[in-house]
Amino acid sequence: MLHFVTAVTLALQTSVADSSPFRALPLPAANRVRSASGAPGPDYWQQRADYVIRATLDTAGSVIRGTERIHYANHSPDTLTFVWVQIEQNIFAQNSITYTLNQPPLHFAGGAVFDFTGKGFIGGITIERFTTAGKELRRTAYGTMMRVELSRPLPPRGVIDFDVAWPFPVPPYGGGRMGRIGARLYEIGQWYPRLVVYDDVHGWNPLPYIGAGEFYLEYGDFDVSLTLPAGFVVAATGTVANPLVVWGPTARARLARARRSAERVQIITKAEAEANTGKRTPGTKTWRFTARNVRDFAWAASPDFRWDASSWSGILIQTFYRPGATPWEEANKMAWFTIKHFSETWGTYPWPHATTVEGLVEGMEYPMLTFVPSIEKREDQFWVLAHEFGHEWFPMLVGSDERRYPWMDEGFNTFIDYGSAEGYFRGTAYGDTVRSELLGAYRVSAVPGNEQPLIDRPVEQRDLAWAAYQKPALMLTILRDAVLGQEPFERALREYVRRWKFKHPQPADFFRTIEKVSGKELDWFWREWVYTTARLDQAVDSVTQAGDTALVYLSNRAQMVLPVTLELRYADGTTETRRFPIEMWNLGSKFTARVGTAKPVAGVVVDPKETYPDIDRANNQWGK
């Protein structure tokens, strides 16, 4: 009989789902490519794509014509019979997915609007040639992606060179990420055919570019020559390889001074820029740039730029802007502080210059180069400028998959941006309170029935500003301040940056790195913040006291679990803070906190500083 009862009990136990908040998260199994420690394994591999590009800007028709040679190295263990290529200017083609769907714009706090379309502009890219060894390859375009059939299979460790030619008209407003103002200012991104990532997780990643999902790109070296009207000044990813050709002696002398100065040096002054306005210089000039170990290349050009520069730790900090842009005279100081702050906190900036260009783009990032608008309010100007430079770490340095996981890019960056803003404005009301915006955003955006898990792709998110930017920043703030502590958290995030620089991390790599470096098991945390829309409701149910012990009866009334901070208020007017770790919820949603004290307890408050996104603060307090 006992044997029968035991068998039935075991059968019933196996039929009950594990509902513990601390159950294991079903992550992909670790292997020799991606280890259980969260680091790249001994067999980690990724592809490489190097580009030699020659392009000309025809300002009369605002058309870019280019040729490129792509040197593609297959480091995978697979033999490839075709490749996928991104042709992102087709987002502006007549029948693009974006135009067909009439994608709604993305609204940010402060009034910024990101319209992912070209605002009705009809363009697109024309691939005039795509060859290898002089032989034209069969290709089929699918919107912003193109499949190219190889003439012979590309084996593991094989390499191939593609020769490509293309023109496209530059849209006045390029999906919020590039464009032009007339024929006097160009900000150019997503402008050349580039290889789609082939990785160990998904193989090819030909997810279409329709606006909301950004980019997932291979690393490589670039050699880019740009031919423009002679009067234009160019800023770009990479180092100018022909300075004697493109810069006059005055600019070279001022740049030499800027490379030794922490204060801004005016390379092109306001008076000089104003004198250039409307001027047309005959002829053309070719600028050559080289960049090593970057995942993309962008550039900007205008004959009307002001140009400031300074230096920090050998990095040239540059700001290019129109003469009337305000408050851009402070922008170089803002940029200098930002690059220094991020480098000292999260890992040293790895490239020779950090440049930002003022213009029509609301905010966009590329290696070594960012596009930032002129914003009247100084705090907002700093925020956007710092945010775009923060992208130099996520995803330019740590090359995550933005097309699937924007929270690993925009979210991580937004989190570190708050630290930069707190540092630049330290001691001011803005600097001391800016991070509290996150709880305000939670109250507005974390709406049951509308909020979606962070793990959903960006094109599926109804509130991308919350899911990609603000919620992950709140998540990391809570992880640092309430779960791990500042020093363990920062050590773990720095190690994540170090391990995955110039590589392609997945969510599991991040989770495992933070856990193994901090020494904390965090499956419960990732589940509630990344994979669900769990809510938090911590409550004080009652308090009793006998002798030298007070019993505080606590409950967790919603799905999210977090550690508890208690403020005990005594009858004599004194207060005391007690902190209880996450293990308090190991046995369920009720916990009795035993507080050794002989003083009468008059009141108890859960989360007294209101740092948690608690959905019902009415039950956070007992007594006075």
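Anyway, here's the lowdown on the structure attached to this text. (Residues numbered from 1 in each chain as written. Predicted model: local features only at pLDDT ≥ 70, side-chain atom pairs only at ≥ 80, totals over all residues. Heavy atoms only, no water.)

**Some details on the overall build of the protein chain**
Piece 1. Along the backbone of the protein chain there are 15 helices and 34 strands.
Piece 2. Computed over the C-alpha atoms, the radius of gyration of the protein chain is 27 Å, within 12% of the 25 Å expected from 2.2 N^0.38 for a compact globule of 624 residues.
Piece 3. The 624 residues of the protein chain split such that 59% are buried.
Piece 4. Sequence separation of at least 24 residues holds for 72% of the intrachain contacts in the protein chain that already meet a minimum separation of 6.
Piece 5. Accessible area for the protein chain stands at about 25100 Å²; split by element, carbon and sulfur atoms hold 53% of it.
Piece 6. Charged side chains of the protein chain number 68 positive and 69 negative; the gap between the two group centres comes to 4 Å. (Helix = DSSP H or I, 4+ residues; strand = E, 2+ residues; numbered from the N terminus. Rg over C-alpha atoms; globule rule 2.2 N^0.38 Å. Buried < 20%, exposed > 50% of the residue type's maximum accessible area, 1.4 Å probe, protein only. Contact = heavy atoms within 4.5 Å. Areas by Shrake-Rupley, 256 points an atom, 1.4 Å probe, with all protein chains shown as cover. Lys, Arg positive; Asp, Glu negative; His and termini not counted. Charge placed at Lys NZ, Arg CZ, Asp CG, Glu CD.)

**Quick look at unusual backbone geometry**
Negative phi values dominate among residues other than glycine, just as trans dominates among peptide bonds.
Piece 1. Of note, the amide linkage connecting threonine 326 to proline 327 takes the cis form, showing an omega dihedral of 5°.
Piece 2. Among the structural elements, proline 327 can be located in the loop between strand S24 (315-321) and helix H6 (331-346).
Piece 3. In the segment running from phenylalanine 394 into proline 395, the intervening peptide bond is cis, with an omega of 15°.
Piece 4. With a phi angle near 50°, serine 62 is a residue other than glycine that sits in the positive phi range.

**Re the environment of asparagine 95**
Piece 1. Turning to its location among the elements, asparagine 95 is positioned in the loop between strand S3 (80-86) and helix H2 (97-101).
Piece 2. For the pair asparagine 95 and threonine 79, spaced 16 residues apart in the sequence, the C-alpha separation amounts to 34 Å.

**Details of the nonpolar core**
In summary, soluble globular proteins display a tendency toward joint burial of nonpolar side chains.
Piece 1. Tyr72, Trp191, Trp299, Phe510 and Phe525 are the most contacted members of the largest nonpolar core, which totals 193 residues.
Piece 2. At 10 residues, the largest contribution of residues to this core is made by helix H12 (residues 464-484).
Piece 3. Other than its neighbours up to four places away in sequence, phenylalanine 525 contacts Met475, Ile478, Leu479, Val483 and Leu562. (Core = buried A, V, L, I, M, F, W, Y, C linked by side-chain atoms within 4.5 Å.)

**What to know about the packing of aromatic side chains**
Piece 1. Applying the stated criterion across every chain, the model contains 54 aromatic pairs.
Piece 2. Clustering of aromatic rings is evident, with ring pairs tying together Phe22, Phe394, Trp407, Phe412, Tyr496, Phe510, Phe511, Trp524, Phe525, Trp526, Trp529 and Tyr531.
Piece 3. The ring of tyrosine 173 has lysine 119 sitting right over it, with the charged end atom 4.1 Å from the ring centre.
Piece 4. Taking the ring centre of tyrosine 192 as reference, the NZ or CZ of arginine 194 above it sits at 5.7 Å. (Phe/Tyr/Trp six-rings, centres within 6.5 Å; stacked < 30°, edge-to-face > 60°. Lys NZ or Arg CZ within 6 Å of the ring centre and 35° of its normal.)

**Side note on the packing of H6 against helix H9 (residues 410-424)**
Piece 1. Relative orientation of the contacting elements H6 and H9 amounts to 120°, with a least axis distance of 10 Å. Taken together, the axes of H6 and H9 lie oblique to each other. The interaxial crossing formed by H6 with H9 has right-handed handedness. Touching Lys333, Met334, Phe337, Thr338, His341, Phe342 and Trp346 of H6 are Phe415, Ile416, Asp417, Gly419, Ser420, Gly423 and Tyr424, all from H9.
Piece 2. Partitioning the contact of H6 with H9 into residue classes produces seven nonpolar, five polar and two charged. (Axes fitted to C-alpha atoms, helices over the stretch in contact; angles between N-to-C directions. Parallel < 35°, antiparallel > 145°, perpendicular 65-115°, else oblique. Left-handed = near helix turned anticlockwise from the far one by under 90°. Nonpolar A, V, L, I, M, F, W, Y, C, P; charged D, E, K, R; others polar.)

**Considering helix H11 (residues 437-445)**
Piece 1. Every buried residue belonging to H11 is among Leu438, Leu439, Ala441, Tyr442 and Ser445, and all of these are buried. Burial along H11 is one-sided: seen end-on, the buried residues are contained in an arc of 155°. Opposite its buried face, H11 presents the exposed residues Arg443 and Val444, each directed more than 90 degrees away. (Arc of directions from axis to C-beta.)

**With respect to the environment of aspartate 409**
Piece 1. For aspartate 409, the location among the structural elements is in the loop between helix H8 (392-397) and H9.
Piece 2. Considered as a pair, aspartate 409 and tryptophan 393 are 16 residues apart in the sequence and their alpha carbons are 8.9 Å apart.
Piece 3. Contact partners of aspartate 409, with chain neighbours within four places excluded, come to Glu214, His391, Phe394, Pro395, Ser400 and Glu402.
Piece 4. Here histidine 391 takes part through its side chain, which lies 3.0 Å from a polar atom of the side chain of aspartate 409. (Polar contact = N/O pair within 3.5 Å; in protein donor to acceptor, adjacent residues only side chain to side chain.)

**A word on the packing of helix H7 (residues 378-390) against H9**
Piece 1. Where H7 contacts H9, the axes come no closer than 9 Å and their chain directions differ by 135°. If you check the angle between H7 and H9, you find them oblique. Seen from above, H7 lies across H9 with right-handed handedness. Counting all contacts with H7, which are made through Arg378, Phe382, Trp383, Ala386, His387 and Gly390, the residues of H9 involved are Glu410, Asn413, Thr414, Ile416, Asp417, Tyr418, Ser420, Ala421 and Tyr424.
Piece 2. Residues belonging to the contact of H7 with H9 are distributed by class as follows: seven nonpolar, five polar and three charged.

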